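Architecture and fold: a report
Read off the chains here:
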Amino acid sequence: MKKEWIFDNTVTNEKSLIKRLLFSRGITTEDEIHSFLNPLEMDITSPYVFSDMEKTVERLSKAIDNKETIVIYGDFDADGVTSTSVLYKAFKELGADVKYYIPDRESEGHGFDKKALIKLMTTIKPKVIISVDCGISDVDAIKFINSFKIIDVIITDHHEAPEVLPEAYAIINPKAPNALDESLSTKQIEHLTYLAGCGVAFKVAQALLVKYERAELISDLLPFVAVGTISDIVPLLGENRCFVTKGLELISKGRHEGLKKLLESAGYDITKGVTSENIAFGVSPRINASGRLDTVDAALKVLISDNPQEVQMSITTLNELNKIRQTLCQEIFLQADEMVKKEGNKNPAIVLCNEGWHIGIIGIVASKLVEKYYKPVFMMTYSREKNEYRCSARSIEGVPLYDVLCANAELFEGFGGHKLAAGLSFSGEKTPFETVKRALCETVKEYTANKELKPFVKIDLLLNPSDVNQNLIDEISKLEPFGASNPSPIFAMNNLKLKQKRLMGSDNSHLRLNLGVDAYEFTAVRWQKGDINLSSGDSLDIAFHPQINEFNGNTSVQLVVDDIHSDSLVEEIPVKSAYKIYDNRTKTGILPNINDYIKTSKSQIRIFAESKYILDTVKNYTEIFSRTFNRLDIPKCDILMFFDYPADRETLDKILEKAQPTKVHFMKYEPKFLDESEFLKTFTGMVKFAAHNNGGKIELVRCASFLGKSIKVFERLLELYEEVGFLKITDKNNAFYVIEFLGIDDLSKILHNEKYAQIFDMIIENETFQKTLLEDDLEQLLSV
């Protein structure tokens, strides 16, 4: 879909590039300009502009002084985790008896959960519970806590407030009615409503530290605030701009060891400075991955632990979870996209549901679908056990999600969010899925009726070729940090001539363009979108943002293309994933030759080998063994060799799609199929190992890889092991199961169970598919 270019129509006689950009963003007075360009000189509002701050500080001070237990009740996204860290660090410095609790995304969801509260009251027995980044919509839960008359609840949050507020001891939320001092200016109030959950928590911590004359510790909390603010995509205006600027500066100086190590593990050199983009792409996804797929313990340890070994182990965990998140994301996106295509994309909104989708992933996929189809997306997962639907939604400009949900509030058990992102849940017993789908589509249609909503690129300025140089980039940098409401400027240049184009990357998904106009020449790159149907000499306009390119010691200005308009551009040419197949299935004794070939080849060669038998076979061939991979982490490559054969078509297609090879070799394969008893004994050993050495966590992909079967086989086996009393499943998702081992006395209980016959049929299907790859015509098989 072609994107419309929307040019800023601000009229100004200013010649200064910076002032023209600021004018286009509504920053026009000298005071506003000075404050924006010098965020560290900004006057920060007192925490006591919050109406309930005084009573909040008094109650927390009493708890600190009397050693009453305080529980921080957080949330599992990056804002919630950093908000928890802000208060935890502050309370610890003040000698408080403090604990934290982060609900499980899958079993407890956002906000206060009654079962979790009962557990806290009976085990930790707090006198004060203070929420961060949640709680403002939990009227019933607060009423439940209050009924015990033993705990004071303080809510700190930044989400939209409902008409009826919880009856908490105090509420610190800039969006709640009567929450702020009436003497504040409209602009001050607006800027305070921009605070993320971590910004609101910071206000509370700031007030406490000042009261206890520990103000020198306030700046130590700003790295947390910077990460949470950037991650939650709130406007980087007002005080947020100050907090993020200072926080990034402190991270760049190595003042937070955990964040420094996490950024380094993501490939960033913090000695060159840390930008908001580094946080958004290097830190936020890793913290969020823990909350999406596991508990947030690893993320919290990176942020608050003083133990270097614990921090390093937690970073390793976050990186592994992030890889799993990426895999699940791609799988669910492909499934969802196929569903959209089957439905015909005819509705004003995309509303999809799948029982197997992970609640922690569907929000990311919803964003990807919005980007592709440019319409609101509601992604739902269903729990058969609870007969409950849970949804993550994303929207476009012009369709405010929170208002859409409010209009259908009677259908939901709960909901919350913002204009462009929201969540909801409802009971399948009370409201059928189709009813909710129809209602959401009808409400969205009311917003989109008689409107032509289409994707657009907002252009800050139309530039002349003479404007594009190193000085332009130096000027732009004064506007950092970039983020929501202060994006990196996008410029346009018209009437450029295409001199040359060249595809880049192992999969040819990137494009390098040499452009010229008059005496000026530019190098431009366009990422991830493949080739364009343009020829040398064609005229084009580009939307772009400039950046510095350093290569071989040379520094130049490079244009990163956001969009292209051209009369010659009819349609884009999709990236092709064609590959040539080489049949080596009958060749024997060639391992030494392959090892030598890999050693001398300049191509990127990778080997699919995951079962223990195959890995043992090739481990003495260094070059082969060093290039092996399994389905858990599929790399891109030029040449792909199958030493192992995937157990099902889904895994084969996934490997080929992700690796994007130009050549595919199928090597000689001798399947080693275990008999039923040996297979079950091996799997049982893996279960025992997980129970005794991995906290009961069984990673499905590792089981499937080790024994060369599909993931579904092991999901069914674990459920059967639970049914016969060998173990208890305490948690599960698409990536892993967590079990409590009860003991295995007789495997015949499995072998003689009728459900095992169904599992055995699945195993036979896996082995039959592997035999098909071994014996059938590969060209015909892979063209299906």
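Residues numbered from 1 in each chain as written. Predicted model: local features only at pLDDT ≥ 70, side-chain atom pairs only at ≥ 80, totals over all residues. Heavy atoms only, no water.

On to the nonpolar core. In terms of nonpolar packing, the biggest core is built from 74 residues, with Leu60, Ile70, Leu87, Phe91, Ile130 and Ile279 touching the most fellow members. Ranked by residues supplied to this core, first place goes to helix 8 (residues 197-211) with nine residues. For isoleucine 279, the residues in contact, after removing those within four places along its chain, are Val227, Ile230, Leu248, Ile251, Leu263, Val274, Ser284 and Pro285. Among the nonpolar cores identified, the runner-up in size contains 53 residues, and Val377, Tyr389, Val399 and Leu424 belong to it. (Core = buried A, V, L, I, M, F, W, Y, C linked by side-chain atoms within 4.5 Å. Buried < 20%, exposed > 50% of the residue type's maximum accessible area, 1.4 Å probe, protein only. Helix = DSSP H or I, 4+ residues; strand = E, 2+ residues; numbered from the N terminus. Contact = heavy atoms within 4.5 Å.)

Time to look at the environment of aspartate 583. Mapped onto the elements, aspartate 583 comes out in strand 21 (residues 580-584). Residue class for aspartate 583 comes out partly exposed when judged on its relative accessible area of 43%. Through-space distance from the C-alpha of aspartate 583 to that of phenylalanine 666 is 5.5 Å; in sequence the pair is 83 residues apart. If near-sequence neighbours (up to four positions away) are discounted, aspartate 583 is found in contact with Phe666 and Leu778.

Strand order in the open sheet formed by five strands is 21-25-24-22-23, and the pairing between neighbours is parallel. Both edges of this open sheet fall to strand 21 and strand 23 (628-629), since each of them pairs with a single strand only. Sheet topology places strand 22 (residues 605-608) next to strand 23; two bridges connect them, and they run parallel. The partner of isoleucine 607 across the bridge, within strand 23, is threonine 628. Helix 22 (residues 649-659) contacts strand 22, strand 23, strand 24 (639-642) and strand 25 (663-667) of the sheet and is inclined by roughly 160° relative to strand 24. (Pairing = 2+ DSSP bridges. Axes fitted to C-alpha atoms, helices over the stretch in contact; angles between N-to-C directions.)

In the structure shown here, the tally under the stated rule is two cavities of 30 Å³ or more. By volume, the largest cavity amounts to about 80 Å³. Taken together, 13 residues line the largest cavity, and the ones lying closest to its centre are Asp104, Glu106, Arg292, Leu293 and Asp294. If you tally residues by element for the lining of the largest cavity, the top one is helix 12 (residues 276-293), at three residues. Grouping the amino acids of the lining of the largest cavity by side-chain chemistry returns three nonpolar, four polar and six charged. Taken as a whole, the second largest cavity spans an internal volume of roughly 50 Å³. What lines the second largest cavity is Val340, Glu343, Asn345, Lys346, Asn347, Ala349, Ile350, Val351 and Leu352. Elements with a contribution of two residues or more to the lining of the second largest cavity: helix 14 (308-343) and strand 7 (350-354). The greatest single-element share of the lining of the second largest cavity, amounting to three residues, is contributed by strand 7. Class assignment for the residues of the lining of the second largest cavity results in five nonpolar, two polar and two charged. (1 Å grid on protein atoms, 1.4 Å probe; cavity = no way out; pocket = protein on both sides within 12 Å on 5 of 7 lines; lining within 4 Å. Points joined across faces, edges and corners; volume = space filled by probe spheres on them. Nonpolar A, V, L, I, M, F, W, Y, C, P; charged D, E, K, R; others polar.)

For helix 9 (residues 222-231), the buried fraction is high: ten of the ten residues fall into the buried class. Three or more residues of helix 9 are buried, namely Leu222, Pro223, Phe224, Val225, Ala226, Val227, Gly228, Thr229, Ile230 and Ser231. Looking at the residues trailing helix 9, positive phi occurs at isoleucine 233, about 55°.

When the pLDDT values of the chain are averaged, the result is 89; 96% of them are 70 or greater. Contacts from residues 571-577, a stretch scored under 50 in pLDDT, to residues over four places away or in other chains number 14 contacts. (pLDDT = per-residue confidence, 0-100.)

As judged from the two bridges shared by strand 13 (residues 461-462) and strand 14 (residues 491-504), these two strands associate in the parallel manner. By the bridge assignment for strand 14, leucine 461 is matched with phenylalanine 491.

Moving on to the side chain of aspartate 638. Tracing the chain through its elements places aspartate 638 in the loop between strand 23 and strand 24. An unpaired buried charge is present at aspartate 638: no salt bridge exists, and lysine 663, the closest side chain of opposite charge, is 9.0 Å distant. (Lys, Arg positive; Asp, Glu negative; His and termini not counted. Salt bridge = Lys/Arg side-chain N within 4 Å of Asp/Glu carboxyl O.)

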